[in-house]
Amino acid sequence: MRILVAGATGAVGLQLVPQLIAAGHAVVGTTRTAAKVELIRRMGAEPAIANGLDAQAIRTAVFSTKPEIIIDQMTDLAGVTDLRHFDRAFATTNKLRTEGTDFLLAAAREAGVTRFIAQSFCGWTYGRGGEAIKTEADALDPDPPEELRRTLQAIQYLEDAVTSSASPEGIVLRYGSFYGPDTGMLSRAMIDQVRHRRVPLIGGGGGRWSFIHVEDAAAATVAAIERGKPGEIYNIVDDDPAPVSEWLPALATLVGARTPIRVPAWLGRLFAGEHLVSMMTEVRAGSNAKARRELGWQPAHPSWRQGFAEVASGATAQHAA
Ligand SMILES: NC(=O)c1ccc[n+]([C@@H]2O[C@H](COP(=O)([O-])OP(=O)(O)OC[C@H]3O[C@@H](n4cnc5c(N)ncnc54)[C@H](OP(=O)(O)O)[C@@H]3O)[C@@H](O)[C@H]2O)c1
């Protein structure tokens, strides 16, 4: 198949492009900048330059490269550190999820692309009531904290636009929180934060998170090309959803830090905001049962417990060097 990966140079793209090529696909990868064209070539793909918020540039990229399938991995999250102002940090990403999705889908439709796969998120986006582990049939949060409202709306917009598209047929992959190469988790900056005990455990830490190694996210995406069902959404997460009260202390131990400081929810609200308190105390994780069943995919890193340890041993060795 001839596949265009929009956003080929990000955390997912850097894993996905080589996996697609290894699976026998011909790949076109997009970037906004000429500086990253060589990186795309080195992965074995054909580069195309386009800003996802420029409808004409996106149309030209699609028409000039004639893909059969488009995989949208465009987000603008590099350098995002201040999650206290969450909606502000995600503003351009949210534009990509709304306007950008419209531009790319419209170009895909006009150019006769048959399948369109888009990136979404699995985690705090789910409703905070009911089951601790959510399936794709469960509702997204009907009343998110104010600071997450616009981001959730943009995610819902993307999911609705993609899954309601018949031509091209649309599939949405809700990736869990990434770790592994080129992700922020276990980056030098993150390790420093944990070592300096700047990531506190708020409230009881009962919020549940789903993680996914970024190589596994890419492998699920390759599987969705052949086996994903049109109009469907899949949680792409590992087998081991866990409360913050488990994964944050485990992470601290792995990087040689002392146990995270405990902060009561009221204090967390003052310093971090309602939304970050909610992410530590209330949010729900996701089940990968549907992706395992329908995509015939399974994570090579079934639990973040071993996955973090694997990544941390490399990262701390680098840190010490
Ligand atoms: N599920 C998750 O946990 C999740 C999901 C996404 C990201 N993240 C995290 O966010 C951090 C940054 O992510 P990332 O490395 O993937 O980088 P990123 O800055 O989010 O960029 C991702 C891709 O989108 C492209 N892009 C960005 N803005 C664009 C625009 N306006 N038009 C067209 N393309 C655009 C980038 O291309 P160019 O820069 O080459 O133009 C890149 O290929 C990482 O720590 C990652 O783990 C986490």
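Cut-offs used in this document
Residues numbered from 1 in each chain as written. Predicted model: local features only at pLDDT ≥ 70, side-chain atom pairs only at ≥ 80, totals over all residues. Helix = DSSP H or I, 4+ residues; strand = E, 2+ residues; numbered from the N terminus. Rg over C-alpha atoms; globule rule 2.2 N^0.38 Å. Buried ≥ 20, exposed ≤ 12 C-beta atoms within 10 Å, placed from the backbone. Contact = placed C-beta atoms within 7 Å. Pairing = 2+ DSSP bridges. Axes fitted to C-alpha atoms, helices over the stretch in contact; angles between N-to-C directions. Near = placed C-beta within 6 Å. Nonpolar A, V, L, I, M, F, W, Y, C, P; charged D, E, K, R; others polar. Parallel < 35°, antiparallel > 145°, perpendicular 65-115°, else oblique. Left-handed = near helix turned anticlockwise from the far one by under 90°.

The protein chain is annotated in an unreviewed UniProt entry as Dehydrogenase from Bradyrhizobium lablabi.

Peer 1: Got a sec to walk through the overall build of the protein chain? Specific residues and values, please.
Peer 2: In terms of helices and strands, the protein chain carries 13 helices and 15 strands. In terms of overall dimensions, the protein chain is globule-like: its C-alpha atoms have a radius of gyration of 19 Å, near the 20 Å expected for 321 residues. With the principal axes as the frame, the protein chain shows a C-alpha extent of 55 × 45 × 35 Å. Counting over 321 residues, the protein chain shows a buried share of 47%. Taking contacts inside the protein chain between residues at least 6 apart in sequence as the whole, the part at least 24 apart equals 79%.

Peer 1: With reference to specific residues and values, describe the sheet that holds strand β1 (residues 2-6).
Peer 2: Spatially, seven strands are ordered β3-β2-β1-β4-β5-β7-β12 in an open sheet, and the strand pairing comes out parallel. What marks the edges here is a single partner per strand, and that holds for β3 (46-49) and β12 (233-236). Mean inter-strand twist for the sheet, computed between neighbouring axes without regard to direction, equals 20°. Sheet analysis places strand β7 (residues 169-175) next to β12, joined by four bridges and oriented parallel. Directly across from Val-172, in β12, lies its bridge partner Ile-233. The strands touched by helix α1 (residues 13-22) within the sheet are β1, β2 (26-31) and β4 (69-72), with β2 carrying the most contacts at an inclination of about 160°. Sheet strands touched by helix α6 (residues 149-163): β5 (115-121), β7 and β12. Its angle to β5, the strand with the most contacts, is close to 160°.

Peer 1: I'd like a description of the site of the ligand, backed by residues and values.
Peer 2: In the region of the ligand, 27 residues are neighbours, and Gly-7, Gly-10, Arg-32, Gly-52 and Gly-184 sit closest. Here the residues of the shell around the ligand sort into ten nonpolar, 13 polar and four charged.

Peer 1: I'd like a description of the packing of α1 against helix α8 (residues 214-227), backed by residues and values.
Peer 2: Any two packed helices are characterised by how steeply their axes cross, that is the angle between the axes, and by the distance between the axes. In contact at an axis separation of 9 Å, α1 and α8 are set at 45° when each is read in the N-to-C sense. Considering the angle they form, α1 stands oblique to α8. Judged by the twist between their axes, the crossing of α1 over α8 is right-handed. Residues Gln-15, Leu-16, Gln-19 and Leu-20 of α1 form the contact with α8, whose participating residues are Val-214, Glu-215, Ala-218, Ala-219, Thr-221 and Val-222. Counted by class, the contact of α1 with α8 contains six nonpolar, three polar and one charged residues.

Peer 1: Which residues make up α1, and what are the values?
Peer 2: All buried positions along α1 are accounted for by Gly-13, Leu-14, Gln-15, Leu-16, Val-17 and Leu-20. Packed against the buried residues of α1 are β1, β2, β4 and α8. Looking one or two residues past α1, Gly-24 carries a phi angle of roughly 95°, positive in sign.

Peer 1: Would you mind going over unusual backbone geometry in detail, with residue names and values included?
Peer 2: That bond from Ser-167 to Pro-168 is cis: its omega, 0°, falls within 30 degrees of zero. Mapped onto the secondary structure, Pro-168 falls in the loop between α6 and β7. Even without being a glycine, Lys-66 presents a positive backbone phi close to 50°. Within the secondary structure, Lys-66 is located in the loop between α3 (55-65) and β4. For Lys-66, a count of 12 C-beta atoms within 10 Å translates into the label exposed. The phi angle at Leu-186 is positive, at roughly 70°, despite the residue not being glycine. Here Leu-186 is to be found in the loop between β8 (177-179) and α7 (188-195). When the 23 C-beta atoms within 10 Å are taken as the criterion, Leu-186 is described as buried.

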